[in-house]
Structure formats: structure tokens, C-alpha cells
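# Descriptive structure summary
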Amino acid sequence: MSELARTGAMVSMNLRRDRVLVPVWVAAFAITAAASAAATDRVYPDLASRVAGADLVNETPALVALYGRIYDPTSAGEVGLFKLTAMGAALVGLFAGFLVIRHTRADEELGRIELLAAGSVGRFAALAAALATAAISVGAIGVCTAVGLVATGLPVSGSLAFGLSWTVAGLAFAGVGALTAQLTASARAARGLAAVALAITFVLRALGDTGTGTEPGWVSWLSPIGWSQQIRPYAGDRWLVGALSLLFAVAASSAAAALLRHRDLGAGLLPQRQGPAHASVTLRGSVGLAWRLQRAAFIGWSVAFVVLSMVVGQVLTRVGDMLDSPAARQLILGLGGVDQLTQAFLSVELSFIGVFAAAYGISTMLRLSTEETSWRADLVLSTSVGRLRWMANQLLLAMGGCAALMVFCGLSLGMIDAARTGAATTVSDDLLGAVARIPAAWVLIGVTSALYGLTRRAGPLAWAALVGTFLTSEFGPLLDIPQWVRDLSPFNHVPLLPGTEIEVGPLIALCTVAAGFCVLGLAAIRRRDIAAG
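Cut-off values and rules
- Residues numbered from 1 in each chain as written.
- Predicted model: local features only at pLDDT ≥ 70, side-chain atom pairs only at ≥ 80, totals over all residues.
- Heavy atoms only, no water.
- Phe/Tyr/Trp six-rings, centres within 6.5 Å; stacked < 30°, edge-to-face > 60°.
- Helix = DSSP H or I, 4+ residues; strand = E, 2+ residues; numbered from the N terminus.
- Buried < 20%, exposed > 50% of the residue type's maximum accessible area, 1.4 Å probe, protein only.
- Core = buried A, V, L, I, M, F, W, Y, C linked by side-chain atoms within 4.5 Å.
- Contact = heavy atoms within 4.5 Å.
- Expected span 1.5 Å × (residues − 1).
- Arc of directions from axis to C-beta.

### A few points about the packing of aromatic side chains
Here the structure, examined in full by the defined rule, presents twelve aromatic pairs. Note on Phe 29 and Trp 166: the rings are 5.6 Å apart at their centroids and 70° apart in plane angle, and the pair reads as edge-to-face. In this pair, Phe 29 sits in helix α2 (residues 21-43) while Trp 166 sits in helix α9 (residues 156-183), placing the two residues 137 residues apart along the sequence. Judged by relative accessible area, Phe 29 falls into the buried class, the value being 8%. For Trp 166, a relative accessible area of 1% puts it in the buried group.

Here it is as C-alpha cells:
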């Protein structure tokens, strides 16, 4: 029997399993790119304003580190999409890596690969099918994104190059995901290693881009994200640079196949650390166990939020220069809905960060699904811990962690803002603006709990709700989405702080809606079969 036997059938099965997940992410990436491109003419209506904005970006180290340089200030395409070139490539890469891990290590951990291997499925079929599924998915992202950009009026060549830059980044990190799936015995650890690898490559790209000169330093050329960025869509369209990512993807995938040959089914190549013989005091209760499982993720998210807040705080010092055209000022004021430009910009950024905090809460709630499908939930529920208490503990961590992240963000922004303005009151103002986004994030966490209460396969629906919220609330004014659709987003009902008077009524209403969804989820979990969903 061939070692790749039944690979095609497994690709078909993977695509069927991902029939909701993949289209949602493809649409999210394509719409985000198209919306950003469509907004360019409104923010920078003429060549002079584009050049001025690009020069200021290139002179701001924090922006260069986060997004990369703008190589052609006269190009509307590059100026409009500079935020998405490196950052978008990183997100596509993360999506592709996690998708490969989902269909390899996660399925192996759950025993699915063992069942298939007992039949006429080749040893390398699961790995090959996972890589093919990721390739099809990121290819769809690249094609749909390019089509959307062309539809906004951007050049065809640059749009195809931009789609290629995202696609090859996804292929490179699909190979990374295949590698980490061979190293660890758990999908969670494999995802963690893949995320660390992506973070390292992003930092290498940032270090190279912030060096002296207008060209990237040699460190950038050590990073797949740097390679993707150096395709330079709308600024030369250097197609051959994409070959670096393709070669890396082939090498990483080949290495993963070689490692697969040298390990046992269900095992990882890295040794597993033995735990202590006796549990600590904090693990004697169900809350302590839930916190122990989520502790590392919360620390990582906290560091990311503080760093992101510091970057936004540095950008605040140059908002007035970056948005010097009347159209740009009108747009940011329309998005923020407040009078002062800097406060309007901060209000918009806090809404973005609030969506990220909701993403943390959603991922925390969906940990219950992982515990259930891996049968670890059975061990907990076989004790005196009931279903309601088990789920309520996770809700507490999700909502509490989400609130803590926004508080960290508000304090970090407030201190940087206070150093800029010399007014201590900005700390409390920025903190209040961050805290005001918490109830909206709680609504999405409540929706996730309700979905999970109804079915353990709530992940794609929960993430779809987050993506829909992001698009309607953040890009609604740009895409002219009907007001009633935008009002479905909880973030559309948050007082636009700082800069306006706080309105307690909408916040109480959002908290009530969140509580209602949580109660629905707790009631539903009592009625369904934990194993069957």
C-alpha cells in the first residue's frame, strides 16, 4: 500500500469539516483588505497627502516595527494596505499553521488518525491532506483578496502580488505547523510552538525594518514574513521573492514527513516533562484547575496587550501630522464620533483592542470544547463538580481575563498619554475608555457560552460572530453598511470614550444582554449529552 494512499479522500473530508471555518476566514481577510483599500481615497485624496502620510509612517519607528516600511509613497495601493502587508501575512500564516495542526496532531490526539490508519490510509496521508487543505485555503484567501482589491480600482498586477504575498506566507507557516505537530504530543503545545515561531519571525522582520537606511536589514531576510513583505505589492511587484517562501514550505514539509517516519503514532519527539507527584493548594478546586490550564495563555495575551498599547501610545504623538488632510480628519472623526482628533483616533483604536479582548474571551470559553473532545472533562465531571460549576468557572476566567486585559491596556495608554500631554487626568480618561469596551466584549463571550451550551462544535460559529462584529463595527462607516446591521454589533452601542460624556444606560444594557446569553448557555449545557454534543 502506498504511504500516500487515500490522501485525496482525506482532503475531501477535511474540506467538508472546514466548510464553515474556511469560508468565514477567507471572507474576513478579503473584505478587510478591500475595505482598507476603499478607504484610502477618503483618507489621502491626493498625491501630496499620500506622500506626506507615508513619510511620517516611515519616520515613526513604532509603526515601521509593527507594519513595515512604505516603499512607494506615491502608490495608493501600498499606502492604503501598508498595515496589512506584514500583519496580514502573519495572521494568514497563523491560520494556516493552526489548520494543519487541527488535521494532524489534534486528530491524532483524539484517536481519529489511529482509526483511519487501521484501514487503507497511508502513513503520510493525514499530513499530506492537511498541507493540501491549508494550501487550498490560503490560495482561496489570496485569490479572493486579489479580486476584491481589483474591484476597488487598484492595479491588477499589484493586487495579484498582494494576494500572492499572503498566500506564500500561509504556505510557509503551514510547513511550520506540520513541523510542530511532529514535535509535541498535544495539539495545544503544537499551536504554542507554532505561535512562538511566528512571533520570532515577526520580531526579526521588525528589527530588520527599523534599522538604518530605507532598505530592510539582513535580519529581515531571515523571516518568512519579511519575504512576504519584500514582494512589495504596488511598489515594484517582485514576484520572484515569493519563491523563498515556497522553498521554505517545501523544506519544512519534507522535514515534517521525515520526523513522522521516526516517531510512534500518538507520540511527539520532544520529551514530556513529568509533573509533580502532589498537586499544589491552588489545584484542589475546580477554579484553580481552570486557571492553571489558562494561565500561560493569559500571561501571553497580557504582554501582547501592553506592547500594543505602548505602540498606540507612541502613534498618538503624531496623529495630527499623519492625518493632516480634511478628508482624513473627517473620516477619523466619523469613526470615533468625538470632537477632538486625538481622542477620536484613540476611541477607534480602543474599539479595535476591545475586539481583540473579546477574541481572548472566546478562545478561553472554547477551551471547554477541547477538554470535552479529549475526554478530560469526563474526569472533572465524575467528581463532585457539576456541569454548571464547571462551565461557570470558565465563564469567570473568560470575562475576568477579558476585563483585566482592557484594564492593562487603559493603564498603559493612560500613562503614555499623560507623559505626552503632562495632564494626569488622561490616565483616568483613557482607563475609562478602555473599561467602557468591556461589556461589549462580554456580549460576545456570552454568545460563545450560549453556542457551546447548545453544541460542543461552537467554535466556527463563535469566531464567525467575532468576525462579523469586527467588520460591521469597524468598517461599517467605510462600507456604507445599513445602520440596522451595524447596530447588531455590541461595540456599536459603546459610548465613544474618551472625549464624550459616559452613558451608563447602554453599558447596563450590554451587561444584561451578556448575562442573558450566559444564563442560556448554562441552561443548555444541562440538557445536552457531553459526549455527543
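Text resumes after the structure shown.
### Comments concerning the nonpolar core
Phe 305, Met 365, Trp 390, Met 406, Ile 445, Tyr 452 and Leu 466 are the most contacted members of the largest nonpolar core, which has 56 residues in total. Secondary-structure elements contributing two or more residues to this core are α13 (286-316), α16 (341-365), α18 (376-381), α19 (387-421), α21 (438-454), α22 (459-479) and α24 (504-525). It is α19 that provides the largest number of residues to this core, a total of twelve residues. Those residues within four positions of Met 365 in sequence are excluded, and the remaining contacts are Met 391, Gln 394, Leu 395, Ala 398, Ile 445, Thr 448 and Ser 449. Formed by 31 residues, the second largest nonpolar core is a distinct cluster that contains Phe 29, Leu 84, Ala 130 and Ala 169.

### Describing helix α12 (residues 242-261)
An ideal rise of 1.5 Å per residue puts 28 Å on 20 residues; α12 measures up with 29 Å between its terminal C-alpha atoms. Gly 242, Ser 245, Ala 249, Ala 252, Ser 253, Ala 256 and Leu 260 are the residues of α12 that are buried. In a view along the axis of α12, the buried residues occupy a sector of 100°, so they form one face of it. In α12, the exposed positions that point more than 90 degrees away from the buried face belong to Leu 247 and Val 250. Buried residues along α12 sit against α8 (125-151), α9 and α11 (224-229).

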